[in-house]
Each structure stands twice: as C-alpha cells, then as structure tokens.
Amino acid sequence: GENVEQHPSTLSVQEGDSAVIKCTYSDSASNYFPWYKQELGKRPQLIIDIRSNVGEKKDQRIAVTLNKTAKHFSLHITETQPEDSAVYFCAAMDSNSNSGYALNFGKGTSLLVTP
Amino acid sequence: SAVISQKPSRDICQRGTSLTIQCQVDSQVTMMFWYRQQPGQSLTLIATANQGSEATYESGFVIDKFPISRPNLTFSTLTVSNMSPEDSSIYLCSVVRTNTEAFFGQGTRLTVV
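What counts and how
Residues numbered from 1 in each chain as written. Chains lettered and ligands numbered in written order. Predicted model: local features only at pLDDT ≥ 70, side-chain atom pairs only at ≥ 80, totals over all residues. Heavy atoms only, no water. Helix = DSSP H or I, 4+ residues; strand = E, 2+ residues; numbered from the N terminus. Rg over C-alpha atoms; globule rule 2.2 N^0.38 Å. Buried < 20%, exposed > 50% of the residue type's maximum accessible area, 1.4 Å probe, protein only. Pairing = 2+ DSSP bridges. Axes fitted to C-alpha atoms, helices over the stretch in contact; angles between N-to-C directions.

Let's talk about the overall build of chain A
Secondary structure summary: chain A contains 0 helices and 11 strands in total. Ordering the α and β elements of chain A from the N terminus gives β-β-β-β-β-β-β-β-β-β-β. The C-alpha radius of gyration of chain A comes to 14 Å, within 12% of the 13 Å expected for a compact globule of 115 residues. Taken along its principal axes, the extent of the C-alpha atoms in chain A is 45 × 30 × 20 Å. Per-residue burial over chain A gives 43% buried out of 115 residues.

Here we look at the sheet that holds strand β8 (residues 72-77) of chain A
All names here are of chain A. The strand order across the open sheet formed by 5 strands is β1-β3-β8-β7-β6, and the pairing between neighbours is antiparallel. Every other strand in the sheet has two partners, leaving β1 (4-7) and β6 (56-59) as the edge strands with one partner each. Each strand axis lies, on average, 15 degrees off the axis of its neighbour in the sheet, ignoring direction. Bridge analysis of strand β7 (residues 62-67) against β8 gives 6 bridges, and the strand direction is antiparallel. Its bridge partner lying in β8, N67 is registered against H72.

Next comes the structure, spelled out in structure tokens:
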C-alpha cells in the first residue's frame, strides 16, 4: 500500500519567514495530494491540493509543488503569521484504486510561528 | 464544501462498553470514511463505508470491533465495541465529493476509563 513520509515533524519559524514541509510517497499510482491544517482540538481543514497533472499550485501565501518523477511534494508558506501555527498533514490518494478516495496521511508537522 | 455533523463530540466511557458515533452529511455522498487519530498522531483509515455494501476495513481493524452502518447516502455510524483504554482516540468521519476533495466531521474525542 501507499506510504507517505513527512518531514520535519516540528518546525519553528519567526513571523514573516517562510516555512517548507516536505512529503514523499511510495505508490506511483497516487494522483491527488492534499494538504490539511489542523488546529488544536479542531478538525483537519483542506488548505491546498494538487493533482498529478500539475507541477505547482499557488493560493496567496500558500503553494504546493509536485515532482512525480521523484515522488515528492512540498508545502510552502510565505510571510508566515502566528495564526499559521498548527499541525499540517500531507496526504496522497489514488483515486483509481479499489479503495477509492481513501487518503494516506503523513505523520504531520507541528509548525510554530513566533512573533 | 460539505457540512458534516458528527456526534457525540466527546464522551468518557467505561471499559467493556460500546459507543456509537453518528455522522450526518448535508447532501448525498457515495463514499464515507472513518478515521482514527490517536493523541498527537496522524489520521489512520479504519474503513470505507459505501451505501448498499459491506464496509471495507483496513489492516488492523475488524468488523467485530468497529461495526459500521451506512443505511443511506447521508448517514453512517461507527461503533467502538468492548472498549479498552487503548481505544481512547479521536474518531473522524469523512466524505469525498466527486472532485476527490475530502471533508471531515468535527471528530469524536473518546476517553475510555
């Protein structure tokens, strides 16, 4: 099955700096890669996603890049703010598999943005 | 997006008892999923619940322990049976729209004492 590795497990940055979180996946059939933000005690919220036919996607301060050949994808947050502090999860999905749209999650990155 | 109502939001249960978690969606969806998130950990898929068929369980999860119902396209339940302290976790239901975007319920924080 799919195995998603995520690094780093914790990340501390100063407000205004950039943060980068990296994930690798093992199943070359995976074709959808979402990123979720989970604040303490709350549900995971989708912040950005990318499909396998695209190399990069950007939404304001957040961007995701995908390298299908190397089987890795990254989340980039620019001009970080204290409210960006949360746990971020990457995930991978093979929408054509027998398991349908089940997500395989990385272990998460706890991001702390200090003022 | 999808509006997902999950309840209870939290519960404290005695070991050996069972708890049924409900998940209600504001519109019809084909696929619903149940995940477990142990304290400080990532999300692990328990099972896929499709209407009209038996739930499909992931390795390490069995129907006797986590029976699932999916009576229609807007509702599902997950039961945690014969609970032990190791079952203390957050349980989340999830639905996927046709564009593969997944949405989560607010989760059920279960503590077994």
